Amino acid sequence: MSQVATMHPGVEPAESPLTPESWGKLGMWIFLVGDAMGFGTLLAGYGAMRYGSADWPNPYEHLGISLTAFMTFLLICSSVTMVKALEAIKLERPGHVKLFLSLTILGGATFLALQAYEWTHLIQGGLKIYGNPWGASLFGTTFFIITGFHGAHVTGGVIYLSTILAVVSKSRNTARNYLLTEIAGLYWHFVDLVWIMVFTFIYLL
Amino acid sequence: MAGTHAGPSYMTIFWWLFALTIIEVGVIFMPIAKVVIAILLISLAISKASLVAMYFMHLRFERLTLGLIAITPLFLGTLLVFILVPDHAAIPHRTSDAVKIAPAAGHK
């Protein structure tokens with residue numbers, strides 16, 4: 001309960017059991033919930049189109065699993081380096097903070113490079129947004145829209161984390177650095193979480 | 001700081017996620033019914049997503065309110081899938097691209 005409310009009984013208390021530990025963190029969670037609905041709608045639409053099609057190609061026969069399994073591994077590793085960066089802030093080890101944040105950014109950038117390679121390879125093999133040689137034309141449409149939407153999120157994450165790295169490197173305020181990195185980490189782990197779903201529904205099923 | 005908590009180490013979670021990913025890739029080559037493969041893959045994906053949300057995103061150590069906010073898309077997503085079920089039931093048979101683009105009889 002705030003001191004203001006205690007000192008002035010007539011004033012409406014500003015805090016309630018629903019008041020979050022950090023408004024920034026709550027804001028990020030609400031954004032992520034909305035974003036999750038966006039991905040959920042895309043995946044549900046994908047499911048509906050696939051169910052209604054008689055000639056949907058078998059994804060893992062045409063998309064290649066080994067590269068995307070490695071990309072999944074890469075995002076999991078970058079999630080670990082992200083939490084390690086947060087841990088390093090708590091332990092007040094600025095060198096480790098920079099190292100782990102840089103590794104996270106590198107993981108994201110490598111993921112994007114591999115996705116660009118994968119897309120180029122598939123486009124050269126005949127997979128287009130409007131058709132493909134193997135069956136339903138919506139196979140290519142859904143593939144490029146869903147993986148592209150996720151790729152845009154990874155790009156945003158790499159830019160976001162680079163900004164956080166620049167800010168945290170200059171500031172010595174541990175509590176503020178922790179909060180900023182924790183909020184950015186929530187976004188990054190969400191990108192990892194969504195990829196887990198995309199990998200299963202688009203590549204494996 | 002929400003990071004002060006006891007629980008499995010981040011590396012333990014990493015190894016679980018790594019192992020579950022390998023199992024996922026292995027499952028698609030198993031000589032079992034497609035529906036069983038689909039159930040297994042969806043269960044594994046939900047397990048992995050839960051591990052990321054609970055431990056990497058610290059949801060396990062946050063207030064209940066935040067947990068309820070975070071779980072909302074799962075309820076709405078499930079509802080969305082059930083809303084689409086009547087549409088699926090209304091489709092008499094599946095169609096292929098060749099059927100969709102063929103001109104209807106009697107049309108010029």
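Residues numbered from 1 in each chain as written. Chains lettered and ligands numbered in written order. Predicted model: local features only at pLDDT ≥ 70, side-chain atom pairs only at ≥ 80, totals over all residues.

Trainee: Teacher, can you tell me more about the overall build of chain B here?
Mentor: The helix and strand tally for chain B stands at four helices and zero strands. Seen in sequence order, chain B has helices and strands lined up from the N terminus as α-α-α-α. In chain B, the share of contacts with a sequence separation of at least 24, taken over all contacts with a separation of at least 6, comes to 57%. (Helix = DSSP H or I, 4+ residues; strand = E, 2+ residues; numbered from the N terminus. Contact = placed C-beta atoms within 7 Å.)

Trainee: Mind showing me how you'd approach the environment of A:Met28 here?
Mentor: Residue and element names in this part refer to chain A. One can find Met28 in helix α2 (residues 23-51). Overall, Met28 belongs to the partly exposed group, with 18 C-beta atoms counted inside 10 Å. Sequence spacing of Met28 and Ser66 is 38 residues, and the spatial spacing of their C-alpha atoms is 33 Å. In this structure, Met28 is in contact with Ile183, Leu186 and Tyr187, ignoring residues within four places of it in sequence. (Buried ≥ 20, exposed ≤ 12 C-beta atoms within 10 Å, placed from the backbone.)

Trainee: I tried to follow the interface of chain A and chain B on my own but got confused; where do I start?
Mentor: For interface size, the figure often reported is the accessible area lost on association. Across the boundary between the two partners, chain A contributes 41 residues, which contact 39 residues of chain B. Counting only elements with at least two residues in the side of chain A that touches chain B, the list comes to α2, α4 (65-90) and α7 (174-204) of chain A. At 12 residues, the largest contribution of residues to the side of chain A that touches chain B is made by α4(A). In terms of residue class, the side of chain A that touches chain B is built from 26 nonpolar, nine polar and six charged. (Nonpolar A, V, L, I, M, F, W, Y, C, P; charged D, E, K, R; others polar.)

Trainee: Help me understand the nonpolar core in this model?
Mentor: Generally speaking, soluble globular proteins have nonpolar side chains that are buried together. Grouped together as the largest cluster of nonpolar side chains are 63 residues, with contacts concentrated most on A:Leu101, A:Leu161, A:Val194 and A:Val198. Of all the elements in the fold, those that place two or more residues in this core are α2, α4, α5 (94-124), α6 (138-170) and α7 of chain A together with α1 (10-27), α2 (34-56) and α3 (64-90) of chain B. Broken down by element, the residue count for this core peaks at 17 residues, all from α7(A). In this structure, A:Val194 is in contact with A:Phe39 and A:His150, ignoring residues within four places of it in sequence. (Core = buried A, V, L, I, M, F, W, Y, C linked by C-beta atoms within 7 Å.)

Trainee: Can you help me understand the packing of α7(A) against α2(B) in this one?
Mentor: Each pair of packed helices can be summarised by the angle the axes make with each other and by the distance between the axes. Between α7(A) and α2(B), the least distance of the axes is 9 Å, while the angle of their chain directions is 175°. Classified by the interaxial angle, the pair formed by α7(A) and α2(B) is roughly antiparallel. Mapping the contact onto sequence places A:His189, A:Asp192, A:Leu193, A:Ile196, A:Met197, A:Thr200 and A:Leu204 in α7(A) and B:Leu41, B:Ile42, B:Ala45, B:Lys48, B:Ala49, B:Val52, B:Ala53 and B:Phe56 in α2(B). Class assignment for the residues of the contact of α7(A) with α2(B) results in 11 nonpolar, two polar and two charged. (Axes fitted to C-alpha atoms, helices over the stretch in contact; angles between N-to-C directions. Parallel < 35°, antiparallel > 145°, perpendicular 65-115°, else oblique.)

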